[in-house]
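The primary structure of each chain is shown beneath.
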Amino acid sequence: MTAALLNKAIGKNLHCVFIDNGLLRQNEAAEVMKSYRRLRLNIKHIDASGLFLKRLAGISDPERKRKIIGRTFIELFSREAKKLGKIEYLAQGTLYPDLIESISFKGPSATIKSHHNVGGLPKRMHLKLVEPLKELFKDEVREVGLKLGLPRGLIMRHPFPGPGLAVRIIGAVTKERAQLLAKADCIFIDELHESGLYDKTWQAFCVLLPVKSVGVMGDERTYENVVALRAVTSQDAMTADWARLPDDFLARVSNRIINEVRGINRVVYDISSKPPATIEWE
């Protein structure tokens with residue numbers, strides 16, 4: 001949305017940088033680039049997945065994950081800005097809930113979790129920050145997008161955290177665990193679309209838990225990973241209720257994940273509301 005607004009305002013003077021941190025949804029990098037090219041954005045794709053995963057190796061604490069990812073994004077944006085010559089501004093798609101959860105903004109609020117796009121830029125970047133959406137909630141941003149004539153499928157996509165799957169993998173992040181989670185998540189989202197439930201939920205995703213459980217596949221004992229399904233309904237993400245998805249739908253998703261994703265043998269459903277739980281687990 002930020003890119004679309006700025007593209008309308010300054011056109012070819014906008015340089016978009018899409019950084020693939022290796023923690024995206026399945027096939028998302030290709031889909032994102034396809035969508036941006038349809039919007040005729042001047043965009044560069046940088047695959048930095050190896051760098052992000054290397055720096056996250058062995059890190060389990062969610063706040064440390066977020067800070068490492070944030071610093072790495074800034075480092076890569078700085079590098080690209082230098083290549084482009086005289087760049088004065090960096091634009092971010094910061095939303096109002098990001099500010100509320102990270103810092104006290106226009107009133108007292110506790111830090112719930114840090115967002116990598118909140119808190120300003122390091123002085124060494126010598127850039128001014130542009131955040132046209134920072135006082136809008138997600139539903140308001142969607143209204144702006146629809147008025148701009150952006151594709152509905154792009155505007156109505158479920159929110160996805162900046163740190164990506166790193167905060168949906170509870171515990172240490174590895175390439176293998178990220179791939180496992182991405183496969184399970186893809187099945188869940190596909191089934192939501194197929195069942196006509198995607199647009200009836202605000203956000204839905206899988207979480208890879210840091211535990212293993214005993215199971216049976218055929219006549220053999222298994223000891224494999226557990227995935228939690230999370231789906232919520234909301235207006236602005238400040239409060240949310242767990243989605244009452246049909247039993248037969250949940251059974252179908254569970255069966256597909258267990259049978260199609262080798263390494264997962266148990267699926268559970270999160271029935272926590274916000275508050276007291278947050279939408280994301282980390």
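What comes next concerns the included structure. On a predicted model such as this, the values are computed, not experimentally measured, just so you know.

Some words on the state of the cysteines
Turning to step 1, where the next piece is worked out: Scanning all chains against the criterion turns up zero disulfides.
Turning to step 2, where the next piece is worked out: Sulfur of Cys186: no disulfide; nearest cysteine sulfur belongs to Cys206 and is 9.9 Å away.
Turning to step 3, where the next piece is worked out: According to the relative accessible area criterion, Cys206 is buried, its value standing at 1%.

What to know about helix H4 (residues 62-84)
Turning to step 1, where the next piece is worked out: With 23 residues, H4 extends 33 Å from end C-alpha to end C-alpha; this agrees with the ideal 33 Å at 1.5 Å per step.
Turning to step 2, where the next piece is worked out: Among the residues making up H4, those that are buried are Lys65, Arg66, Ile68, Ile69, Gly70, Thr72, Phe73, Ile74, Leu76, Ser78, Glu80 and Ala81.
Turning to step 3, where the next piece is worked out: Buried residues along H4 sit in contact with strand E1 (16-20), strand E2 (43-47) and helix H3 (49-56).
Turning to step 4, where the next piece is worked out: Between the side-chain oxygen of the N-cap and the backbone nitrogen of Glu63 there are 3.2 Å, and the N-cap of H4 in question is Asp61.
Turning to step 5, where the next piece is worked out: Phi turns positive, to about 95 degrees, at Gly85, one or two residues after H4.

Considerations on the packing of aromatic side chains
Turning to step 1, where the next piece is worked out: Applying the stated rule across the entire model yields five aromatic pairs.
Turning to step 2, where the next piece is worked out: Measuring from ring centre to ring centre gives 6.2 Å for Phe73 and Phe77, while their planes differ by 20 degrees; the resulting arrangement is stacked. One end of the pair is Phe73 and the other is Phe77, both in helix H4 and four residues apart, which spans about a single turn.
Turning to step 3, where the next piece is worked out: In this structure Phe73 comes out as buried when scored by relative accessible area, which is 10%.
Turning to step 4, where the next piece is worked out: According to the relative accessible area criterion, Phe77 is partly exposed, its value standing at 23%.
Turning to step 5, where the next piece is worked out: Taking 5.1 Å as the distance between ring centres and 75 degrees as the angle between the ring planes, the aromatic pair formed by Tyr96 and Phe137 counts as edge-to-face. Placement of Tyr96 in helix H5 (residues 96-102) and of Phe137 in the loop between strand E4 (128-130) and helix H6 (138-147) is noted, with a sequence separation of 41 residues between them.
Turning to step 6, where the next piece is worked out: We classify Phe137 as buried; its relative accessible area is 17%.

Points about the side chain of Asp185
Turning to step 1, where the next piece is worked out: Structurally, the position occupied by Asp185 is in helix H8 (residues 175-194).
Turning to step 2, where the next piece is worked out: Beyond its immediate chain neighbours, meaning those up to four positions away, Asp185 contacts Arg25, Arg168, Ala204, Phe205 and Cys206.

Some remarks on the pattern of salt bridges
Turning to step 1, where the next piece is worked out: Enumeration over the complete set of coordinates arrives at 14 salt bridges.
Turning to step 2, where the next piece is worked out: Here Arg25 makes a salt bridge to Glu28, at a shortest N to O gap of 3.0 Å. Note on accessibility: Arg25 and Glu28 belong to one class, buried.
Turning to step 3, where the next piece is worked out: Of the charged contacts, one joins Arg244 and Asp241 as a salt bridge, the two residues approaching to 2.8 Å between their closest N and O atoms.

Definitions and cut-offs
- Residues numbered from 1 in each chain as written.
- Predicted model: local features only at pLDDT ≥ 70, side-chain atom pairs only at ≥ 80, totals over all residues.
- Heavy atoms only, no water.
- Disulfide = S-S within 2.5 Å.
- Buried < 20%, exposed > 50% of the residue type's maximum accessible area, 1.4 Å probe, protein only.
- Helix = DSSP H or I, 4+ residues; strand = E, 2+ residues; numbered from the N terminus.
- Expected span 1.5 Å × (residues − 1).
- Contact = heavy atoms within 4.5 Å.
- Polar contact = N/O pair within 3.5 Å; in protein donor to acceptor, adjacent residues only side chain to side chain.
- Phe/Tyr/Trp six-rings, centres within 6.5 Å; stacked < 30°, edge-to-face > 60°.
- Salt bridge = Lys/Arg side-chain N within 4 Å of Asp/Glu carboxyl O.

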